[in-house]
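Residue strings, one per chain:
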Amino acid sequence: MKKYSYLMAALLMMGSSAMAKDVYLSATGSDENDGLTAGNAVATLSKAVELAEDGDVINISGIIPVKWMLALEKNNLNFRGTDAATDGFDGQEQSLIIYAVNKNVQFNNLTIQNCKNPGTVVAGGAFSFAGGNPTFRNCVLTNNEASSSADQGRGGAIYFTNSNLKIYDSEITSNVANKESGALQGRGGTLVLQNTTVSGNTAVGDCGAIHIVDLRQVEIDKCVITDNTAGKSGGALYITGSGVENLKVTRTFIASNKANGDHGGAVYFGLGNNKDKDYQPFLFGACTITGNECKSAGGTMFITGGFDGTKTNLEDGTRKEQVVNIVNCTITDNQTLSNQGNSGGINYQDGTEGKKVAQLNIINTILEGNHSLDDSRFADGWFKNAPVTIKNSIVGHIYEMDKETFIGTVENSQTETTPAGAEATTAGLQALTEEHYYPLTEGTQATTMGVVEDATAAGLTTDQLGNALELPYIGAVQRAEPAGETPTAISDVKLLSPTQNGSYNLNGRRVSQLKKGLVIVDGKKIMVK
């Protein structure tokens, strides 16, 4: 009987699949056509969806203008172009494209551009999803805007609530949110972001790019997140809410993002505080984080929150400790512009006497060569009354590491590599490559002090380039080059007024104007005051 039931179910599925049809939508079509062949394509999105049934494929040719938001009523539709360079939708700065409630929908090989959601109904510049499973593959979302200054002004390209959003092999660029979340915001649900570039997005408030609010599971892998700007905190990532239970950011390049108003040039991390949640260890693994900037605290990362350790969770009365693991990362050349320092690297100082917050583990990592305006004592880290373990790592200057407020432990690591008053690196990093990583230098300590087993125990098995972790290297990549001319330490420091052009920072990046700190001019290292 069971075999018969399985057979009937399989036949029904095959029948349903066989009944699915193709609908054709073209920039040169006409809504007078039946839309059943490429030669008889319709012209508007609304007509194509009207002709479609659940499970159908809408084939898109050319850039289709969209003047009005479509409230999607059909389920399991697949909007499919041939090439994102030629096919897609243009919102003509009038509307978002689709609002969908509890719908599964796919978008493939499409460009979605020039949408402008005034925010009278929902948030999201181009798309708004409530529930369901939206998926994007090989898509470009660019120049879209959530233009409202109210709550609807969230998510320059995408806003979703309680949805399972997946984005693969795509680009999310130059979108704007007039409240927060320049690229996308998710509240509840899950997010998978893989092999995707998120660049040049802007928010007036918090979060220049990706805003994670109470998403129970987040996987960001093999992505490039660069040149995003927040008017307040969180230039690239803004993570907050007690509902975030499992978060992994791996093999990702996070660079040149800005938090112009406050904290977290790259990452603002507000830890959850629900004692009843079974939080899994959060992981930042095999990432290169460089060139990020904030106004106040944490040029790389600002960590705050966490639940009270005196309370219990789970039915047996035990408490599963919150853990943040930073494993095999290269974190350098980030800065804070605060006159009070507050760390160009990582700022984590939420603990107070009698209160335990999350355990921060820095493993097989290079955290060095970051900058704190006017006070290099804060350059790389400030961990005040916060539990931190530094293991198999090279870390520059940690503020007040010799004080009682530093309650961390250091194992098999080289710390205080940067004397107060100087911001050089000793890890032997060479210039940043076009593949978005810093090679190590052969024969340096950074190629010998890593422990692979500690990385795999934290859930990391490959480096940023996808190579298996087999060598005792620290940092984001298992690659070292012969010693070259890339400067890795201070020598012959001179003072210079910032008037010359064509200079480089310590990581080999060309800069158009000299800024305060160490730079390279005509092959010589110079301290600009």
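Model, not experiment: these values are computed from the prediction.

## Let's talk about the overall build of the protein
- Along the backbone of the protein there are three helices and 51 strands.
- The 529 residues of the protein split such that 56% are buried.
- Pairs at least 24 residues apart make up 73% of the contacts formed inside the protein by residues separated by at least 6 positions.
- When the accessible surface of the protein is summed, it comes to about 21,400 Å², and 46% of that surface belongs to carbon and sulfur atoms.

## Details of the pairing of strand β2 (residues 57-61)
- When you tally the buried positions in β2, you get four out of five residues, the bulk of the element.
- Handedness of the strand β1 (residues 22-26)-helix α2 (residues 45-51)-β2 crossover: right-handed.

## What to know about the side chain of H263
- With respect to the helices and strands, H263 occurs in the loop between β28 (258-259) and β29 (267-271).
- Setting aside residues up to four positions removed in sequence, H263 forms contacts with K232, S233, G234, Y268, C294, S296, A297 and F302.

## Side note on the nonpolar core
- In this structure, F79, F89, F127 and I158 are the most contacted members of the largest nonpolar core, which totals 86 residues.
- Top element by residues in this core is strand β15 (residues 158-168). It accounts for four residues.
- The next biggest cluster of nonpolar side chains, apart from the first, holds 11 residues, and it includes I394, L440, M449 and I474.

## Thoughts on the sheet that holds strand β39 (residues 366-367)
- Strand order across the open sheet formed by 12 strands is β3-β6-β9-β13-β16-β19-β23-β27-β31-β35-β39-β43, with parallel pairing between neighbours. At either margin of the open sheet sits one strand with a lone partner, and together these are β3 (63-65) and β43 (394-395).
- Pairing of strand β13 (residues 140-142) with strand β16 (residues 171-173), which is carried by three bridges, proceeds in the parallel orientation. Counted as the bridge partner of V140 is E171 from β16.

## Focus: the environment of R216
- Locating R216 in the fold gives a position in the loop between β21 (210-213) and β22 (217-221).
- Non-local contacts of R216, meaning those with residues more than four positions away in its chain, are made with N164, G189, T190, G243, V244, E245 and N246.

## Points about the environment of V122
- Within the secondary structure layout, V122 lies in the loop between β10 (116-117) and β11 (127-130).
- Sequence separation of V122 and L96 is 26 residues, and the distance between their C-alpha atoms is 9.5 Å.
- Those residues in contact with V122 that lie beyond four places of it in its chain are M69, L96, Y99, N117, S128 and Q152.

## What to know about the sheet that holds β28
- Taking strand neighbours across the sheet as the criterion, the nine strands line up as β10-β14-β17-β20-β24-β28-β32-β36-β40 in an open arrangement whose pairing is parallel. Looking at which strands have only one partner, the edges of the open sheet turn out to be β10 and β40 (371-372).
- Note: strand β14 (residues 145-146) against strand β17 (residues 176-177), two bridges, orientation parallel. Bridge assignment links E145 to a residue of β17, and that residue is V176.

## Overview of the packing of aromatic side chains
- Evaluation of the coordinates by the stated rule reveals 13 aromatic pairs.
- Look at F127 and F129: their rings are 5.8 Å apart centre to centre, the planes differ by 10°, and that puts the pair in the stacked class. For the pair shown, F127 and F129 are each scored as buried.
- Taking 5.0 Å as the distance between ring centres and 90° as the angle between the ring planes, the aromatic pair formed by W382 and Y399 counts as edge-to-face.

## Looking at the environment of A483
- Summarising the element assignment, A483 is placed in the loop between β46 (480-481) and β47 (495-496).
- Relative accessible area serves as the criterion here: at 65%, A483 is assigned to the exposed category.
- Separated by 55 residues in the primary sequence, A483 and G428 place their C-alpha atoms 8.6 Å from one another.
- If sequence neighbours within four positions are ignored, A483 has contacts with Q430 and T441.

## Notes on the pairing of β1
- The sheet contact formed by β1 and β2 spans five bridges and is parallel. Bridge pairing links L25 to I60 in β2.

## Describing the pattern of salt bridges
- Taken as a whole, this structure holds 11 salt bridges when the rule is applied.
- Salt bridges linked by common partners bring D151, R154, K179, E180 and R187 together as one network.

## Some details on the side chain of H211
- Topologically, H211 is positioned in strand β21.
- A polar atom in the side chain of H211 sits 2.8 Å from the side chain of S181.
- Each residue touching H211, except ones within four places of it in the same chain, is listed here: E180, S181, L184, Q185, G186, Y238 and T240.

## Describing the confidence of the model for the protein
- Averaged over every residue, the pLDDT of the protein is 85; the share at 70 or more is 80%.
- Across residues 1-6, where pLDDT falls below 50, the model places zero contacts with residues more than four positions away in sequence or in other chains.
- Under a pLDDT of 50 for its full length, residues 485-502 has, in the predicted model, 47 contacts with residues more than four places off or in other chains.

## Digging into unusual backbone geometry
- Positive phi is not limited to glycine here, since D333 has a value of about 65°.
- Examined against the element boundaries, D333 turns out to sit in the loop between β35 (330-332) and β36 (335-336).
- Here the phi dihedral of N392 falls at roughly 55°; this positive angle occurs in a residue that is not glycine.
- Along the chain, the position of N392 falls in the loop between β42 (388-391) and β43.
- A relative accessible area of 3% places N392 in the buried class.

Cut-off values and rules
Residues numbered from 1 in each chain as written. Predicted model: local features only at pLDDT ≥ 70, side-chain atom pairs only at ≥ 80, totals over all residues. Heavy atoms only, no water. Helix = DSSP H or I, 4+ residues; strand = E, 2+ residues; numbered from the N terminus. Buried < 20%, exposed > 50% of the residue type's maximum accessible area, 1.4 Å probe, protein only. Contact = heavy atoms within 4.5 Å. Areas by Shrake-Rupley, 256 points an atom, 1.4 Å probe, with all protein chains shown as cover. Right-handed = clockwise from strand over helix to strand, strands pointing away. Core = buried A, V, L, I, M, F, W, Y, C linked by side-chain atoms within 4.5 Å. Pairing = 2+ DSSP bridges. Phe/Tyr/Trp six-rings, centres within 6.5 Å; stacked < 30°, edge-to-face > 60°. Salt bridge = Lys/Arg side-chain N within 4 Å of Asp/Glu carboxyl O. Polar contact = N/O pair within 3.5 Å; in protein donor to acceptor, adjacent residues only side chain to side chain. pLDDT = per-residue confidence, 0-100.

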